[in-house]
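Spelled out, the chains give:
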Amino acid sequence: MKNILSAAVLGFGLLSAPAFAAPEAYVLQASHSQVVFSYNHLGFSTTTGMFSGFEGEIMFDQEDPANSSVSVSMPVKSMYTGWEARFQHFMSDAFFDAKDGDMITFNSTSIEVTGENTANITGDLSINGVTKSVVLDAKLNQVMDEHPMEKKPWAGFDASVTLLRSDYNLGAFVPFVGDEISVNISLEAMKAE
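All values derive from a computational prediction rather than experimental measurement.

### So, the pairing of strand 10 (residues 180-191)
Both strand 1 (residues 24-28) and strand 10 contribute to a ladder of three bridges, which runs antiparallel. When the bridges of strand 10 are listed, Val27 appears paired with Met190. Judged from the five bridges that link them, strand 2 (residues 34-41) and strand 10 form a sheet pairing that is antiparallel. Bridging across to strand 10, Gln34 finds its partner in Ser186. When strand 9 (residues 154-164) meets strand 10, the two strands line up antiparallel, connected through eleven bridges. In the strand pairing of strand 10, Ala155 is matched with Ala189.

### A look at unusual backbone geometry
Residue Val174 is joined to Pro175 through a cis peptide bond whose omega torsion reads 10 degrees. You can see Pro175 is positioned in the loop between strand 9 and strand 10.

### Some points on the environment of Ser186
Inspection of the secondary structure puts Ser186 in strand 10. Residue Ser186 is classed as partly exposed on the basis of its relative accessible area, which comes to 29%. Taking C-alpha positions, Ser186 is 8.5 Å from Val36, a pair spaced 150 residues apart along the chain. Side chain to side chain, Ser186 and Asp158 meet in a polar contact 2.7 Å long.

### Regarding the pattern of salt bridges
Summed over the entire model, instances satisfying the criterion amount to five salt bridges. Across the pair Glu24 and Lys191 runs a salt bridge, and its minimum N-O distance is 2.8 Å. Of this pair, Glu24 sits in strand 1 while Lys191 is found in strand 10, placing the two residues 167 residues apart along the sequence. Since its relative accessible area comes to 28%, Lys191 is described here as partly exposed. For the salt bridge of Asp97 with Lys99, the shortest nitrogen-to-oxygen distance reads 3.2 Å. The class for Asp97 is partly exposed, based on a relative accessible area of 38%. Looking at Lys99, the relative accessible area reads 43%, which means it is partly exposed.

### Things to note about the environment of Met74
Mapped onto the secondary structure, Met74 falls in strand 5 (residues 69-75). Met74 gets classed as buried once you look at its relative accessible area, which sits at 1%. Taking C-alpha positions, Met74 is 6.6 Å from Glu55, a pair spaced 19 residues apart along the chain.

### Description of the environment of Ala189
In this fold, Ala189 is placed in strand 10. Placed 34 residues apart in sequence, Ala189 and Ala155 show a C-alpha to C-alpha distance of 5.3 Å.

### A short note on a nonpolar patch on the surface
A grouping of Leu42, Phe44 and Phe176 is seen on the molecular surface, where their side chains present a nonpolar patch of about 410 Å² in accessible area. Tracing the sequence through the fold places Leu42 in the loop between strand 2 and strand 3 (45-52). Assessed through its relative accessible area of 41%, Leu42 is described here as partly exposed.

### What about helix 2 (residues 84-91)?
Each turn of an α-helix holds 3.6 residues, which means side chains three or four residues apart point in the same direction. Looking at helix 2, one finds that the buried residues are Phe87, Phe90 and Met91. All buried residues of helix 2 project into a common sector of 95 degrees when viewed along the axis, lining one side. Looking at the buried side of helix 2, the elements it contacts are strand 2.

Definitions and limits used
- Residues numbered from 1 in each chain as written.
- Predicted model: local features only at pLDDT ≥ 70, side-chain atom pairs only at ≥ 80, totals over all residues.
- Heavy atoms only, no water.
- Pairing = 2+ DSSP bridges.
- Helix = DSSP H or I, 4+ residues; strand = E, 2+ residues; numbered from the N terminus.
- Buried < 20%, exposed > 50% of the residue type's maximum accessible area, 1.4 Å probe, protein only.
- Polar contact = N/O pair within 3.5 Å; in protein donor to acceptor, adjacent residues only side chain to side chain.
- Salt bridge = Lys/Arg side-chain N within 4 Å of Asp/Glu carboxyl O.
- Patch = residues over 30% accessible without salt bridge, like charges linked within 9 Å, V, L, I, M, F, W, Y side chains within 5 Å.
- Areas by Shrake-Rupley, 256 points an atom, 1.4 Å probe, with all protein chains shown as cover.
- Arc of directions from axis to C-beta.
- Contact = heavy atoms within 4.5 Å.

Now the structure itself:
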């Protein structure tokens, strides 16, 4: 998703900030951000794939974290399955019918802080020409005013959501191949220059 949930992490209000701070831009750090998905294959195994190297921007309102936002996008063809034949099958007209430039996007619509380091991030997820509202269960892992190597503000978090692939016109072989897709996201974001 360009990199989905960082805004939520920052929206937990755990960064120290002066009063009345304006929203600040953070960008996803592509080399340490992944979206991993898994599904049941005919009851025999759990099959896994991932997306990485995507982009995203978070606008973090330190005074009012619920006013923060996040947008992420990733090319469909950035999917990694570990087996070329499976990748080609997913890119075929049986599933994505993917063309160069086809994207998966997520744009937050609200952030609900649920605990000291947790939040629900609601947003519009667009896959395969279909847009649906989803809720990501997010957890802040760590926020630092200065990354030990990069020397700039940094944040990291995990999130998860369960999707039905049939909701996105990707329901080939249901119910034999599981309709439910478990999605686990782990992201890092740095303050924009």
